[in-house]
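# Structural overview
Chain by chain, the residues run as shown.
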Amino acid sequence: MSEALVAVEAAGTDVSVPAASGARQFWRRLRAQRAALVAAAVVALLVLVALAAPLLTALEGQDPTTYHPSLIDSARGGVPTGSLGGIGADHWLGVEPQTGRDLFARLVYGARVSLGVALAATVVQVAIGVAVGVGSALGNRWVDQLLSRATDIIVSMPLMIMSLALLAIVPSSFPRPVLVTLVIGLIAWGNIAKIVRAQTLSLKGLDYVSAARLSGWGAWRVARRELLPGLAAPVITYGALLVPTNISVEAALSFLGVGVKPPTPSWGQMLTAADVWHQAAPQYLLLPAGALFVTVLALTVLGDGVRTALDPRAASRLRVGTGRKDAKGVKGVKGVKSDKEATA
C-alpha cells in the first residue's frame with residue numbers, strides 16, 4: 001500500500017494494519033508444488049555444475065580444448081577408440097570424434113555458456129521491457145504512441161532471422177557469447193514491454209497510486225515506490241519463462257553456426273557436428289541433447305510454479321504436483337474450490 005495513502009488513512013484512525021508477508025506466502029505456495037521443488041533442485045544442480053566446471057574438470061584431469069589424437073581411430077574416419085566412445089577412468093563420458101577432446105569437460109563448460117547467455121539475455125530483455133512499458137504508460141500521448149509503435153516493430157521482427165543477420169555481419173573478433181546475449185536481449189523485449197504497459201495502466205487507476213500522485217510525488221517516485229512493486233509478480237513470472245526460451249535460441253544459433261564459435265564449448269555447438277556421428281558415437285549426440293532437454297524442462301516447470309505461487313488464483317497449466325483428490329476421488333487443484341464447495 002502506498003505510503004501516501006497510509007498517511008492519509010492514519011490521520012483519521014488509530015488502528016494500524018500490519019503489512020502482509022508476501023514473500024512468506026510466496027515460498028509457502030511454492031513449497032506446496034512438488035514438481036516445482038524438483039525442478040528448482042535440478043536447476044540449482046545445473047547452476048552448481050556450471051559454476052564448478054573448472055573444479056570438476058580438474059578432478060577428472062582434463063580440459064575442454066586439449067586434443068587427444070591417440071584416442072582417435074583415423075582409419076575409421078576419426079571414431080573414438082575403445083568401448084562406448086572412449087569412456088574410462090581418464091575420460092568419464094568419452095571423447096569427441098575426430099578431435100579427441102574430453103566430452104565431460106566440454107559438457108560442463110558448455111553449461112556455463114548456455115545458462116550464462118540465457119540468464120544475461122533475460123536480464124537485458126526484462127530491463128528494456130520494464131523501462132519501455134512503464135515509460136509508455138506514464139508518458140503523454142505522444143510518448144505512448146512512439147514507444148508503442150517501436151514495441152510493435154520489435155514484436156513483429158522474426159527473432160531467428162534477425163539474429164542470423166546480425167551475427168553474420170559482426171566481426172568474428174567480437175566475443176561471441178557476449179554478442180549472442182546482446183542480440184537476443186535487444187531483439188526480444190517487445191512482449192514483456194506490452195505486458196508491463198498493460199499492467200501499469202491498470203495500476204494507475206488504483207487508490208494508493210492516485211493518493212501518491214495527489215500528494216505531490218513525481219512520476220519517477222510514483223513508479224519506483226508504487227508501480228514497480230506491483231509489477232514484480234508478472235515480470236518475475238514472464239522472466240522465469242523467458243530463460244528456457246533463450247537457452248533454446250542460443251542452442252539453435254550455435255547449431256546453425258552463427259552462435260558461439262569453437263573452441264568455446266556450447267551445447268548447441270556440440271549438436272552441430274554430432275548429427276554425423278550419432279551411429280558411431282551416440283553419446284556425442286545424446287549428452288548435449290539430453291542436457292538441453294532436462295534444462296529447458298526444469299526451467300519451464302519452475303517458471304510455471306513461480307507463476308502459480310505469485311498468482312494462487314490461476315491453476316497450474318502442467319497440473320503436476322499440484323493436484324489433490326476430494327472425498328469422491330475426483331482430482332482437483334489445490335487452492336481451487338470445487339463446485340459443491342463454492343455453492344455451500
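Residues numbered from 1 in each chain as written. Predicted model: local features only at pLDDT ≥ 70, side-chain atom pairs only at ≥ 80, totals over all residues. Heavy atoms only, no water.

## Here's the deal with the nonpolar core
Quick reminder of the rule: Working definition of a nonpolar core: buried Ala, Val, Leu, Ile, Met, Phe, Trp, Tyr and Cys residues. They are joined through side-chain atoms within 4.5 Å. Each residue is assigned to one of three classes by its accessible area relative to the maximum for its type, calculated with a 1.4 Å probe on protein chains only: buried under 20%, partly exposed between the two thresholds, exposed over 50%. Every helix listed is a DSSP run of H or I at least four residues long, and every strand listed is a run of E at least two residues long, numbered separately from the N terminus. Pairs of residues are marked as contacts when any of their non-hydrogen atoms sit within 4.5 Å.
Grouped together as the largest cluster of nonpolar side chains are 31 residues, with contacts concentrated most on Ile247, Trp267 and Leu292. Going through the elements one at a time, α2 (22–31), α3 (34–51), α5 (103–138), α11 (219–255), α12 (267–274) and α13 (283–310) are the ones with two or more residues in this core. With nine residues, the top contributor of residues to this core is α13. The residues touching tryptophan 267, leaving out its near neighbours within four places in the chain, are Leu107, Gly110, Ala111, Ser114, Pro288, Ala291, Leu292 and Thr295. Among the nonpolar cores identified, the runner-up in size contains 15 residues, and Ile192, Val196, Ala212 and Val222 belong to it.

## Observations regarding the packing of aromatic side chains
Defined as follows: Any pair of Phe, Tyr and Trp rings, taking the six-membered ring for Trp, is counted once the centres come within 6.5 Å. Such a pair is stacked with planes under 30 degrees apart, edge-to-face with planes over 60 apart, and tilted for the rest.
Tallied over the entire structure, the rule returns two aromatic pairs. Look at phenylalanine 26 and tryptophan 27: their rings are 5.2 Å apart centre to centre, the planes differ by 65°, and that puts the pair in the edge-to-face class. Residue tryptophan 27 is classed as partly exposed on the basis of its relative accessible area of 48%. A centroid spacing of 5.0 Å and a plane angle of 55° characterise the contact between tryptophan 92 and phenylalanine 104, whose relative ring orientation is tilted. You can see tryptophan 92 sitting in the loop between β2 (79–80) and α5 and its partner phenylalanine 104 sitting in helix α5, a full twelve residues away along the chain.

## A closer look at a nonpolar patch on the surface
Operational definition: Exposure above 30% relative accessible area and the absence of a salt bridge qualify a residue for a patch, where like charges join within 9 Å and nonpolar side chains (Val, Leu, Ile, Met, Phe, Trp, Tyr) within 5 Å. The Shrake-Rupley method, run with a 1.4 Å probe, gives the accessible areas here. Residue values count only the displayed protein chains as cover. Any Lys or Arg side-chain nitrogen found within 4 Å of a carboxyl oxygen on Asp or Glu counts as a salt bridge.
On the surface, a cluster of nonpolar side chains totalling about 320 Å² of accessible area is made up of Phe174, Val178, Leu182 and Leu186. As for its placement among the helices and strands, leucine 182 is situated in helix α8 (residues 176–187). By relative accessible area, leucine 182 is classed as partly exposed at 35%.

## A short note on the pattern of salt bridges
Tallied over the entire structure, the rule returns six salt bridges. A salt bridge links aspartate 144 to arginine 197, with the shortest nitrogen-to-oxygen separation between them at 2.9 Å. Remark: arginine 197 occurs in helix α9 (residues 190–204) and aspartate 144 occurs in helix α6 (residues 141–156); sequence separation between them is 53 residues. Note on aspartate 144: relative accessible area 15%, which makes it buried. In this structure arginine 197 comes out as partly exposed when scored by relative accessible area, which is 27%. Taking the shortest distance from any N to any O, the salt bridge between aspartate 304 and arginine 307 comes out at 3.1 Å. Remark: arginine 307 and aspartate 304 occur in helix α13; sequence separation between them is three residues, near one turn of the helix. Judged by relative accessible area, which is 3%, aspartate 304 ranks as buried. Arginine 307 gets classed as buried once you look at its relative accessible area, which sits at 14%. It is possible to trace a salt-bridge network through shared partners that takes in Glu96, Arg101 and Arg106.

## Description of the confidence of the model for the protein
To keep things clear, this is the line we draw: One number per residue, pLDDT, summarises how confident the predictor is, and it ranges from 0 to 100.
Looking at the protein as a whole, its pLDDT mean stands at 80, while 83% of the residues score no less than 70. Mean pLDDT across the secondary structure elements of the protein bottoms out at helix α1 (residues 3–10), with 41, and peaks at α3, with 93. Within the model, the stretch residues 1–20 combines pLDDT values under 50 with 18 contacts to residues more than four positions away or in other chains. Contacts for the low-pLDDT stretch residues 320–344, under 50 throughout, to residues beyond four places or in other chains number 28 contacts.

## Some remarks on the environment of alanine 36
Structurally, the position occupied by alanine 36 is in helix α3. Each C-alpha atom, one on alanine 36 and one on threonine 300, is 9.3 Å from the other, the two residues being 264 residues apart in sequence. Residues within four places of alanine 36 in sequence aside, it is in contact with Leu30, Val301, Leu302 and Gly305.

## With respect to α9
Defined as follows: Helices are assigned an expected span. That span is 1.5 Å times one less than the residue count. Regarding the arc, it is the one traced by the directions from the helix axis to the C-beta atoms.
Look at α9: 21 Å from first C-alpha to last across 15 residues, which is about the 21 Å you get at 1.5 Å a residue. All of the buried residues in α9 are Gly190, Ile192, Ala193, Val196, Thr200 and Leu203. End-on, the buried residues of α9 take up no more than an arc of 155°, which puts them together on one face. Looking at the buried residues of α9, the elements they touch are α5, α6, α10 (207–214) and α11.

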